[in-house]
Amino acid sequence: MRETKPTYLKRDFNKWSMGTLAIVVFMGLPIYTIVLRLFSGPGETWQHLVNHVLLDYVLNSVWLLTGCVILTLAMGVSSAWIVSRYRLPGQKWLEWLLILPLAFPSYITAYAYAGFFDYGGSLMLLSQTLGFDPFRMDIMNVPGLVFVLSVSLFPYVYVASRAVFVYQSGRLIEASKLLGANEIKTFFKIVLPMARPGIFAGLLLVIMEVLNDYGAAKYYGVSTFTTGIFRAWFALEEPATAIYLSALLLLIVFAFIFLERWQRGKKSYELASKSNIRLPKIAASKSLRGIFLLVVFLPILFGFLLPVLQLGYWSILTFKTVASASFVAIALKSLGIALLTAFLTVLFALMTLYFPVWNRLKFLRKCGRLAILGYAIPGAVLAIGVMVPTLQLDRWMISVGENVFDMEFGLLLNGTLSVLLYAYIIRFLAVAANPILSNQLKLKKSLSDASRVLGKGPFKTFLKIDLPLLKPSLLAAFILVFVDTMKELPLTLILKPYDFNTLAVKAYEYASDEQIMEASLPALCIVATGVVPIILLNRFILNDKHE
Amino acid sequence: MTNTNKTAALLEIKALCKSFNKGKDYVVDKVELSLKKGDIMALVGESGSGKTTLVRLIAGLETPDSGSILIAGNTVTSNSTFVPPEERKIGMVFQDYALFPHLTVYQNITYGCKDIEKEQLTELLELVGLIGYEGRYPHQLSGGQQQRVALARALAPRPQLLILDEPFSNLDIALKLQLRNEIFEIIQQLGITAIFVTHDTQDAIMIADDIVVLRKGKIVQQGNATSLYNDPNSLYVAALFGSVVPLNVKDLSYFKHTAADSETYAIRLERFQVNAQSTFKVRAIIERSLFFGQQYLNTVKLPNGTLVNFTSAQQLQGEIDLGFERAAVLVFGNTAG
């Protein structure tokens, strides 16, 4: 008889198991903190919050999410299908112009539109110059925020859908056509259902970003969970209440993640055949072409061109007052911290992906994936999750310093860049890990096996085999994290050192001080640093897939 | 590591078990094996029989649930010991060759060597017929050349045991036959101990001294080619060495011992004789007889419904007698499957 299966802790535990454990603890600390804090009860204002504003938060968030889901789906899927399926003039340009709104953090798009539609704003001036009655609209409300968030976030849906459209459905569309279905039936019966998991993945990112947004909602005066967390933390100075709100928000986020996993189900959306052909492009009829161009152009106009023009116009007006030596210093600091964050995050992503594989304990292998959840946690929540345990550590170090070494010092971690970096790494780990992971999955497992059998240990194997083969995705990961760090606002606002500013914080500060025109120069700088890598990345991703 | 008997087998496997689903099914099930230095062993079995998992366990690429593995008398895997693959001195040729795509042929071959002398490398390149290809990258080589690089790379660090995991499965027939001969010669020339995984018994018959037949993770039979062909202990083993036709007891009323419900009868296809004058025969209906170039391909139906294909010089029609000798009938206990 076979004996009952023993656990080989002693045999299979190695230094990489330690490493895996360390990563899981390090990356998971903020979540554990928030969950643990839930048991110590809410703060004094919690009841007040529940009675008066919580319903507002919930309703506003529901409206925002519903509106943004519908709008981003409409814009993202339609434009993706049109550029993947039809030959249009300026095709190549349209394809990547549609990605560019991603260079805009949504709070900056929000500032631009606030100025555009405002009293005495560009729209009024424009309508007057053209000889109409001065025209303006109030967009500082929930529908306005839905519009702003949607035009800046729809590229997530666009990119995800286009990837599926272009690389998956070629053969199937031919089959569908041969079976007698027309273009519209083929789209709704074959293309869309096949692309659903991809589109949902893009949509999930939109939802995360909407829940994460602080700057836009704050400026438009819409109360959401995130603004509520800020209020509880800074205005009411009640961490316990902020944590309770954070936990609620986390619950919502995890519900969406679960929903996304569940809808993917067990169905396989991969084509069985390896000889996948790309979607063939067809010419659109003359009458359709105009409509198609409009459908593709409007998102570009609203998501990129209009905000750029608005910000550019303001920048010219305010250049002299804003562009100073201290502004250059802030810009350089922003660049520096974004580069450092990108480097460290890629490093941690590699550790998160590889330590569990090198460790031989099976239950730890699965744990690695847990660490990647960070991106799902809204920035404000993560900031609090990071602050609470690091403050505790600081206090502990101070008391140890006093009692054991008889030394006096202040907070060693909080208020320094190290805490901010720690939070950035957790927040962007998934951004870095995803491209690396998908590249890693394409590498044959037998390559590292072969290297091991040929006498090289796991780390040497990684250096000599995996690292060179992962190079392109490492670059992509680095760029993505860099851009995201440049844009990041809520987390930075909470955790940044007192005298430390990033371009994002500077833009936010100007905007909060009703100096929205002055906010445009730092905002444009952020957009510029975002545009270049996005173009590079788009080229690189397309080239990669051509191979 | 405990060094036991010097004359012991190079490889010894004791009660090895491996499951990928927490003990529901065992991919390797209480396997006991031993391999003498210089011998070549073939692991044969249908896909999913656990051949590849077994060699991966030997190489240290998987950890077993229980059991132990000794190489040259040293315990490399047990309930308390695990020597990582990089310290096992095993050469392995992978099914997909696993050539490093970013390294040249030269860099691939010398990857596992601490320092390799120029003469030794030249010798090796000559052996596998790759002189002049040192600077190329794997994707610039044909399938057969890639296969040779994989072999040279596995041999270069002078491993104490060479494992070949389905090395021919990606090659077309003609190339496979040629390479099989070459590789066999190289292995013999070097006198290296080898384990050869294959689902093709012809490979095994040609190359191995000892053939181990696996099914569902268990060793069902072990022996040399002749003994496995002549005296298979199950229909499964018999079928691995050529087509076998199962026979019904009812059809074969002429067998004297009729208490044979617990037994399975079968005959090798090549032992049938058309319209022979033998005592033992089966009446078969000819379903079709198609011209197939040099001869006719016939499909006939035995009384038990089994369809049998064989060739003949002339076109056949109606019914025929398929005769065979008593000694040609294989008898298995039903439990052996």
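One structure accompanies this document, and this report is about it. These numbers come from a predicted model, not from an experiment.

Residue and element names in this part refer to chain A. The full count for this structure, using the stated rule, is 18 salt bridges over all chains. Note that E95 and R162 form a salt bridge whose closest N and O atoms lie 3.3 Å from each other. Of this pair, E95 sits in helix α5 (residues 91-97) while R162 sits in helix α8 (residues 142-168), placing them 67 residues apart in sequence. Taking relative accessible area as the criterion, E95 reaches 8% and is therefore assigned buried. Residue classification places R162 among the buried residues on the basis of a relative accessible area of 10%. Three or more residues joined by partner-sharing salt bridges are found here, namely K92, E95, R162 and K281.

Another aspect to go through is the interface of chain A and chain B. The interface is formed by 29 residues belonging to chain A together with 34 residues belonging to chain B. Of the roughly 2800 Å² buried where chain A meets chain B, counting both sides, 57% is carbon and sulfur surface. Applying the counting criterion to the chain A and chain B interface returns two salt bridges. A salt bridge links R452 of chain A to E86 of chain B; the shortest N-O distance between them is 2.7 Å. There are eight residue pairs in polar contact (both at pLDDT 80 or more) connecting chain A and chain B. In terms of residue count, the dominant contributor to the side of chain A that touches chain B is helix α19 (residues 445-453) of chain A (eight residues).

The next point concerns the sheet that holds strand β1 (residues 11-18) of chain B. Residues and elements named next belong to chain B. Spatially, β2-β1-β4-β5 is the arrangement adopted by the four strands of the open sheet, whose pairing is antiparallel. The open sheet has two free edges, formed respectively by β2 (28-35) and β5 (74-77), since each of these has just one partner strand. Direction aside, the axes of adjacent strands within the sheet are offset by 25° on average. Judged from the three bridges that link them, strand β4 (residues 66-71) and β5 form a sheet pairing that is antiparallel. The partner of L70 across the bridge, within β5, is T75.

Residues and elements named next belong to chain B. Both strand β14 (residues 280-292) and strand β17 (residues 319-324) contribute to a ladder of six bridges, which runs antiparallel. Within β17, the residue paired with I285 across the bridge is E319. In this structure, β14 lies alongside strand β15 (residues 295-301), joined through seven bridges in antiparallel fashion. Its bridge partner being in β15, S289 is matched across the sheet by N298. If you look at the hairpin formed by β14 and β15, you'll find two residues sitting between the two strands, and G293 has a positive phi there, around 80°.

Quick notes on the rules
Residues numbered from 1 in each chain as written. Chains lettered and ligands numbered in written order. Predicted model: local features only at pLDDT ≥ 70, side-chain atom pairs only at ≥ 80, totals over all residues. Heavy atoms only, no water. Salt bridge = Lys/Arg side-chain N within 4 Å of Asp/Glu carboxyl O. Helix = DSSP H or I, 4+ residues; strand = E, 2+ residues; numbered from the N terminus. Buried < 20%, exposed > 50% of the residue type's maximum accessible area, 1.4 Å probe, protein only. Contact = heavy atoms within 4.5 Å. Buried area = accessible area lost by both parts, 1.4 Å probe. Polar contact = N/O pair within 3.5 Å; in protein donor to acceptor, adjacent residues only side chain to side chain. Pairing = 2+ DSSP bridges. Axes fitted to C-alpha atoms, helices over the stretch in contact; angles between N-to-C directions.

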